[in-house]
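Tertiary structure, described
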Amino acid sequence: MDRHSVELLEFEFIRDELEGLCFGDEGRRLLHEQEFLHERDSLDTLLDRVVYIQKLVQTDSKLPAVRLPEIAQALEYVRKEGSTLDGEQIAAVGHFIEGGATLAKWVCRSLDDRNRSPFLSELASLPDLREVSKFIFSFLEEDGSVNESLPELKSLRRRMRSTQGEISSLASGYLQDQASIWQTDVPTQKDGRLVLPLKSSYKGRVPGIIREVSSSGATIFVEPFDLVEKNNAYALLEHEYQIEIARILRVCSARIRESRELLLPYLERMAELDTVVARARYGVRHLCTRPTGLEKGFRILSGRHPMLGKSVVPIRVELADGSSVLLISGPNAGGKTVSLKTIGLFALMNQFGMCIPADEGSSMQLYSDVFADIGDDQSIEESLSTFSGHMKNISRFTTSAADDVLVLLD
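Summary of the structure given here.

Conventions used here
Residues numbered from 1 in each chain as written. Predicted model: local features only at pLDDT ≥ 70, side-chain atom pairs only at ≥ 80, totals over all residues. Heavy atoms only, no water. Helix = DSSP H or I, 4+ residues; strand = E, 2+ residues; numbered from the N terminus. Rg over C-alpha atoms; globule rule 2.2 N^0.38 Å. Buried < 20%, exposed > 50% of the residue type's maximum accessible area, 1.4 Å probe, protein only. Areas by Shrake-Rupley, 256 points an atom, 1.4 Å probe, with all protein chains shown as cover. Lys, Arg positive; Asp, Glu negative; His and termini not counted. Charge placed at Lys NZ, Arg CZ, Asp CG, Glu CD. Patch = residues over 30% accessible without salt bridge, like charges linked within 9 Å, V, L, I, M, F, W, Y side chains within 5 Å. Salt bridge = Lys/Arg side-chain N within 4 Å of Asp/Glu carboxyl O. Pairing = 2+ DSSP bridges. Axes fitted to C-alpha atoms, helices over the stretch in contact; angles between N-to-C directions. Expected span 1.5 Å × (residues − 1). Phe/Tyr/Trp six-rings, centres within 6.5 Å; stacked < 30°, edge-to-face > 60°. Lys NZ or Arg CZ within 6 Å of the ring centre and 35° of its normal. Contact = heavy atoms within 4.5 Å. Polar contact = N/O pair within 3.5 Å; in protein donor to acceptor, adjacent residues only side chain to side chain.

This next bit is on the overall build of the chain. From N to C terminus, the chain includes 13 helices and ten strands. Taken against the 2.2 N^0.38 rule, which gives 22 Å for 410 residues, the C-alpha radius of gyration of the chain at 33 Å runs more than 25% over that of a compact globule. The dimensions of the chain, computed from C-alpha atoms along their principal axes, are 105 × 65 × 40 Å. Here the chain, with 410 residues, has 44% of them falling under the buried criterion. Just so you have it, the chain exposes about 21500 Å², and 50% of that area is on carbon and sulfur atoms. In the chain, 48 side chains carry a positive charge and 62 a negative one; their mean positions are 6 Å apart.

Okay, structure coming up:
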C-alpha cells in the first residue's frame, strides 16, 4: 500500500494499539513487520481465526493473562554447544512455554476432533513442552534467580553463614578489646574482605595485612592474620557457591538446547496466535464485525472511526457494484473528511486481517493499493502551494489507477 496514504489515514495508530494488545514481544514484532494482504484465500484464513477467537473473548471474561517474553535471541545464542544463558533468559523460556500452553489450551478448549479447523488442530497438536519449563523452574525462581533451597546451595549457604558469623565475632573482639586504636567500632569491606579501621598512629600494633590506606592517611585498613584465614575460608565457600550456580545454569541451558528444534516452531506458532488474539481483543474493544467480500466497491453500515471514541456519529456509505465514483458533498464540519478517512482506514484494516467497527452486513472489496489526498499538502521545502501539492499527489495516483485501486480525494 502507498506509504504516504497509509500515514495520512493514520493506520499506524491502529497498528500501535494492536501491538499493545499482544502478550509478547514476538507477536508485537510480527504485527510491526506484517504487510497488507491482497489474496482472498490468505485473508479469509486469517479472518476465520480472528472471528473465532473474538467470539471466545466476547463469551468468556476469563481470557488468561499470559507471559510471552522475548526468547528468539536466547534460542539463537544457546544453539552453540557449551553456551550458557543467564537466569533471566532461562526463566523467560520457561515463562514462554507455560504462557503459550495456557493460551493454546484456552483457544482450543471448546472444540472436539470433529470441528477443529486446521489452525486449531495445529495448535492442539503442538508438542507439550511443559516438561522443559517444569525442569527449568525446579532450579530457578520466577525472576530467574537460582532457588537457594536446592540441597547443594542450601548446604553451602549454611556453611557461609557460619563462617560469616565467626568473622563478625572475631572482628568485634578486636574492636572491643582495644577500642582506642580504632577510628570507629564498625568493620568495613575491602575487595570483599572484612577489614578493621586502624588509626595510622598505631601502625604495627596489630599484626596483619594492610589492604588500603585512606586518602587522608589517617586510617589504615588492616586485616589481622587470624581474620585472613577466616576471610579466605569464606572466599572459598563463595567461590564454590558461584561454581554451583554456574553448573545449574549450564544444565538448564543444555536442556533448552536439546529442545531447541521443538521450541523454534513453538515460538513461531505462539507469536502468530498472539497476533490473532490481539486482533480479536481489538475487535471486542471497538465492537467490530467481519466485512464480507465484494467483487467491487464497499458497503459500510454504521461505520465508526475507531480513533474518535464512543461519541462518534456512525456513517452509512456505499459504493454499489458497478459504480466507480462516489461523490460526498455537504456543508463545512459536516463529516466529509472523517467519512473519507473512515472508508480508507476500513480498507486498510480489512486487508490487515482485522474486523472493522461497523454493523453486520458491511462489506469490502480487496484493493491492490489505497491512495489518499486529504487536507492541506503544502510543502515550503519543495516550494509547493496547497493546490500544487494536491496536483502532485493526483498526478502520482493516476499513474497507478486501476479497477482495484481505491483513491480518496478531499
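Let us look at a negative patch on the surface. Where like charges cluster on the molecular surface, the negative patch consists of Asp86, Glu88, Glu141 and Asp143. In this structure, Glu88 sits in helix 6 (residues 87-108). Accessibility expressed as a relative area gives 62% for Glu88, which makes it exposed.

Read from one edge to the other, the open sheet built from four strands follows the order 5-8-6-7, with strand pairing classed as mixed. Both outer strands of the open sheet, strand 5 (292-294) and strand 7 (315-319), are each paired with one neighbouring strand and no more. Put simply, the sheet's adjacent strands are angled 30 degrees from each other on average, direction ignored. Where strand 6 (residues 298-303) meets strand 8 (residues 363-365), two bridges bridge the pair, whose relative direction is antiparallel. When the sheet's bridge partners are listed, Arg299 is paired in strand 8 with Ser363.

With 15 residues, helix 12 (residues 336-350) ought to run about 21 Å at 1.5 Å a step, and its terminal C-alpha atoms sit 21 Å apart, in line with that. Burial within helix 12 is extensive, with twelve of its 15 residues counted as buried. Looking at helix 12, one finds that the buried residues are Ser339, Leu340, Lys341, Thr342, Ile343, Gly344, Leu345, Phe346, Ala347, Leu348, Met349 and Asn350.

With that out of the way, let us pick up unusual backbone geometry. At Asp191, a residue that is not glycine, the phi angle is positive and equals roughly 55 degrees. Position of Asp191 among the secondary structure elements: in the loop between strand 1 (188-190) and strand 2 (193-199). With a relative accessible area of 79%, Asp191 lands in the exposed category. If you check the backbone angles, Ser302 has positive phi at about 50 degrees while not being a glycine.

Okay, the packing of aromatic side chains next. Aromatic ring pairs are reported here in terms of the distance separating the ring centres and the angle at which the planes meet. Here the structure, examined in full by the defined rule, presents five aromatic pairs. Ring centres of Phe11 and Phe36 lie 5.1 Å apart, and the angle between their planes is 55 degrees; this geometry places the pair in the tilted category. Here Phe11 is found in helix 2 (residues 11-20), whereas its partner Phe36 is found in the loop between helix 3 (25-33) and helix 4 (40-59), with 25 residues between them in sequence. Residue Phe36 is classed as buried on the basis of its relative accessible area of 10%. For the ring pair Phe11 and Phe352, a centre distance of 5.1 Å and an interplane angle of 70 degrees mean the geometry is edge-to-face. Of this pair, Phe11 sits in helix 2 while Phe352 sits in the loop between helix 12 and strand 8; the two residues are 341 residues apart in sequence, bridging distant segments of the chain. With a relative accessible area of 0%, Phe11 lands in the buried category. Linked through ring pairs, Phe11, Phe36 and Phe352 together constitute an aromatic cluster. One cation-aromatic arrangement involves Arg157 over Tyr241; the distance from NZ or CZ to the ring centre is 5.2 Å. One residue, Lys190, lies across the ring of Phe221, its end atom 4.5 Å from the ring centre.

Here we come to the environment of Trp182. Take Trp182: it is sitting in the loop between helix 9 (151-177) and strand 1. Residue class for Trp182 comes out buried when judged on its relative accessible area of 3%. Once the C-alpha coordinates of Trp182 and Phe221 are considered, the two residues, 39 residues apart in sequence, prove to be 9.9 Å apart. Non-local contacts of Trp182, meaning those with residues more than four positions away in its chain, are made with Tyr174, Leu175, Leu196, Pro197, Leu198, Lys199, Val206 and Val222. Separated by 3.0 Å, the side chain of Trp182 and the backbone oxygen of Tyr174 make a polar contact.

Moving on, we get to the environment of Leu9. Relative to the elements of secondary structure, Leu9 occurs in the loop between helix 1 (3-8) and helix 2. Those residues within four positions of Leu9 in sequence are excluded, and the remaining contacts are Lys341, Gly344, Leu345, Leu348, Val370, Ala372, Ile374 and Leu408.

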